[in-house]
Amino acid sequence: MSEIGDWFRSIPFITRYWFAASIAVPLIGKLGLVDFRNLMLFPELVFSRFQLWRPVTASLYFPITPNTGFLYLVNLYFLYHYSSRLETGAFDGRPADYVFMLLFNWICIVITGLLMDMRLLMIPMIMSVLYVWAQFNKETIVSFWFGTRFKAHYLPWVILVFNFIIGGSFVNELTGNLVGHLYFFLMFKYPMDLGGRCFLSTPEFLYRFFPNTRGGVTGFGVPPPRRPVPQEPAAGGGGRRHNWGQGFRLGGE
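Definitions and limits used
Residues numbered from 1 in each chain as written. Predicted model: local features only at pLDDT ≥ 70, side-chain atom pairs only at ≥ 80, totals over all residues. Heavy atoms only, no water. Axes fitted to C-alpha atoms, helices over the stretch in contact; angles between N-to-C directions. Helix = DSSP H or I, 4+ residues; strand = E, 2+ residues; numbered from the N terminus. Parallel < 35°, antiparallel > 145°, perpendicular 65-115°, else oblique. Left-handed = near helix turned anticlockwise from the far one by under 90°. Contact = heavy atoms within 4.5 Å. Nonpolar A, V, L, I, M, F, W, Y, C, P; charged D, E, K, R; others polar.

A. Structural context of the packing of helix 2 (residues 13–30) against helix 5 (residues 69–88). The geometry of helix 2 relative to helix 5 is characterised by a closest axis approach of 8 Å and an angle of 165 degrees between their N-to-C directions. The angle between helix 2 and helix 5 falls in the class roughly antiparallel. For the crossing formed where helix 2 meets helix 5, the hand is right-handed. Here Phe 13, Ile 14, Thr 15, Trp 18, Phe 19, Ser 22, Ile 23 and Pro 26 of helix 2 lie close against helix 5, whose contacting residues are Tyr 72, Leu 76, Leu 79, Tyr 80, Ser 83, Ser 84 and Glu 87. Tallied by class, residues from the contact of helix 2 with helix 5 come to 10 nonpolar, four polar and one charged.

Listed below in structure tokens is the structure:
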């Protein structure tokens, strides 16, 4: 158990709490400690009964069943793998900027979920982070199932197309990719590469709660330097692929 504890404490601070919550909330629903319906996003209950916790729990909850257990573990892997690398790579020493990215992506995904009647938001949230990682590591070669290899820049779209082929659903992945693209475009691409106006900046109050741990001015003045990253697997080698973009509705367990 001490080894597990040491491993857990080695996870970067922000990713550690997100990862832990993404385990705790699904288990609470699975064990029946809370009715799983109370953890899902229902717009009418958010606006008419002010159940404001739903946008948060819907981003952390995933129904664990024999049919979805593998899918859930794959998403946990993506969360741990890519969030850790973003937090210790492009956002190294800038926790406030990373928290702001997560908040921006979450708000956009919640708005999309409310408009599109999406019940679960875990996959879009994780995919938005994966997309941002891929943008910072475009030239990194990743390995996918069946031994395919390609640049990380294509990884979010490969996952989307592969899921559409095997399951006919891609809404969750597409939502996450578009939100991740929106953040990266507004924060980096448009103001720095295209010379446009800077629409996004980390609020100062976040720096008070999450001060920089390295020297330099707060916020991003230039894109963080891209570090050489060794070849790494996209999802851990071969194996059976499941439909992991399909939404779940009330009673889907």
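B. Region of interest: the packing of helix 7 (residues 122–136) against helix 9 (residues 171–193). It is the contact of helix 7 with helix 9, at a shortest axis distance of 7 Å, that shows an interaxial angle of 45 degrees. In terms of orientation, helix 7 and helix 9 fall into the oblique class. Considering only the axes of helix 7 and helix 9, their crossing is right-handed. Contacts from Ile 123, Pro 124, Met 127, Ser 128, Tyr 131, Val 132, Gln 135 and Phe 136 of helix 7 reach helix 9 at Asn 172, Glu 173, Thr 175, Gly 176, Asn 177, Val 179, Gly 180, His 181, Tyr 183, Phe 184 and Phe 188. Classifying every residue of the contact of helix 7 with helix 9 gives 10 nonpolar, eight polar and one charged.

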